[in-house]
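If you want the building blocks of each chain, they are given just below.
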Amino acid sequence: MRVDKFLKVSRIMKRRTISKELALNERVEVNGRVAKPSHDVNAGDTVSVIFGNRKITVRVLSTQEVKKKKEAADMYEVISEEAVDSPAGNGQE
């Protein structure tokens, strides 16, 4: 499953377009490497996402085409969640 779709289906992100934009801006990593939106993820992979001033790292448990909210949380386990500094050049001065 594509990483942008996984983030949406697992409900880590609300919209796939947001997931795609984050990946295009090099704010999504799969197994420690920057990933494009089309990068495939599989069970056992580690996905890190930086959005706002948060970084969340999860381990992928499954990549099923899940639709129900209750089942979506079973697709991953949170490894860490931390606050990060705002990236340079974001227009805030």
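The structure under discussion appears in the preceding block.
The rules behind the values
- Note that residues are indexed from 1 along each chain, following the sequence as it is written.
- Restriction of local features to residues with pLDDT of at least 70 applies here, the model being predicted, together with a cutoff of 80 or more for giving and counting side-chain atom pairs; totals for whole chains, interfaces and linings are based on all residues.
- As a rule here, side-chain values cover all heavy atoms of the structure and leave hydrogens and water aside.
- Think of it this way: any DSSP run of H or I at least four residues long counts as a helix, any run of E at least two long counts as a strand, and we number them from the N terminus.
- We take the radius of gyration over the C-alpha atoms and set the globule estimate at 2.2 Å times the residue count to the 0.38 power.
- For every residue, the accessible area (1.4 Å probe, protein chains only) is compared with the maximum for its type, and the residue is labelled buried under 20%, exposed over 50%, or partly exposed between those bounds.
- Contacts between residues were defined by any pair of non-hydrogen atoms, one from each residue, lying within 4.5 Å.
- Residues enter a patch when their relative accessible area is above 30% and they make no salt bridge; the linking distance is 9 Å between like charges and 5 Å between nonpolar side chains (Val, Leu, Ile, Met, Phe, Trp, Tyr).
- To be clear on the numbers: accessible area is Shrake-Rupley with a 1.4 Å probe, and residue cover counts the displayed protein chains and nothing else.
- Take a side-chain nitrogen of Lys or Arg and a carboxyl oxygen of Asp or Glu: if they are within 4 Å of each other, that pair is a salt bridge.
- For this count, His and the chain ends are skipped, Lys and Arg are scored as positive, and Asp and Glu as negative.
- Where a charge lies is defined by one atom per residue type: Lys uses NZ, Arg uses CZ, Asp uses CG and Glu uses CD.
- In plain words, nonpolar cores are sets of buried Ala, Val, Leu, Ile, Met, Phe, Trp, Tyr and Cys residues tied together by side-chain atoms within 4.5 Å.

## Considerations on the overall build of the protein chain
Stage number 1. Along its length, the protein chain carries three helices and five strands.
Stage number 2. Radius of gyration (C-alpha) of the protein chain: 13 Å, near the 12 Å computed for a compact globule of 93 residues.
Stage number 3. Taken along its principal axes, the extent of the C-alpha atoms in the protein chain is 40 × 25 × 25 Å.
Stage number 4. When each of the 93 residues of the protein chain is scored for burial, the buried share is 33%.
Stage number 5. Sequence-distant contacts in the protein chain: of pairs separated by 6 or more residues, those separated by 24 or more amount to 41%.

## A look at a positive patch on the surface
Stage number 1. There is a patch of like positive charges on the surface, built from K8, R11, K14, R15 and K69.
Stage number 2. Within the secondary structure layout, K8 lies in helix α1 (residues 3–9).

## With respect to unusual backbone geometry
Stage number 1. For E26, which is not glycine, the phi dihedral falls at a positive 55°.
Stage number 2. Of note, the phi angle at N31 is positive, near 55°, even though the residue is not glycine.
Stage number 3. For N31, the location among the structural elements is in the loop between β1 (28–30) and β2 (33–34).
Stage number 4. Exposure remark for N31: the relative accessible area of 45% places this residue in the partly exposed category.

## Focus: the environment of L7
Stage number 1. When you line up the elements, L7 lands in helix α1.
Stage number 2. A sequence separation of 65 residues divides L7 from A72, and the C-alpha atoms of the two residues are 10 Å apart.

## Points about the nonpolar core
Stage number 1. Grouped together as the largest cluster of nonpolar side chains are 21 residues, with contacts concentrated most on F6, L7, I12, V28, V47 and V49.
Stage number 2. Elements with a contribution of two residues or more to this core: α1, α2 (16–24), β1, β3 (46–51) and β4 (54–60).
Stage number 3. Ranked by residue count, the leading element in this core is α1, at four residues.
Stage number 4. Ignoring any residue separated from it by four or fewer positions in sequence, one finds L7 in contact with I12, M13, S19, V28, V47 and V49.

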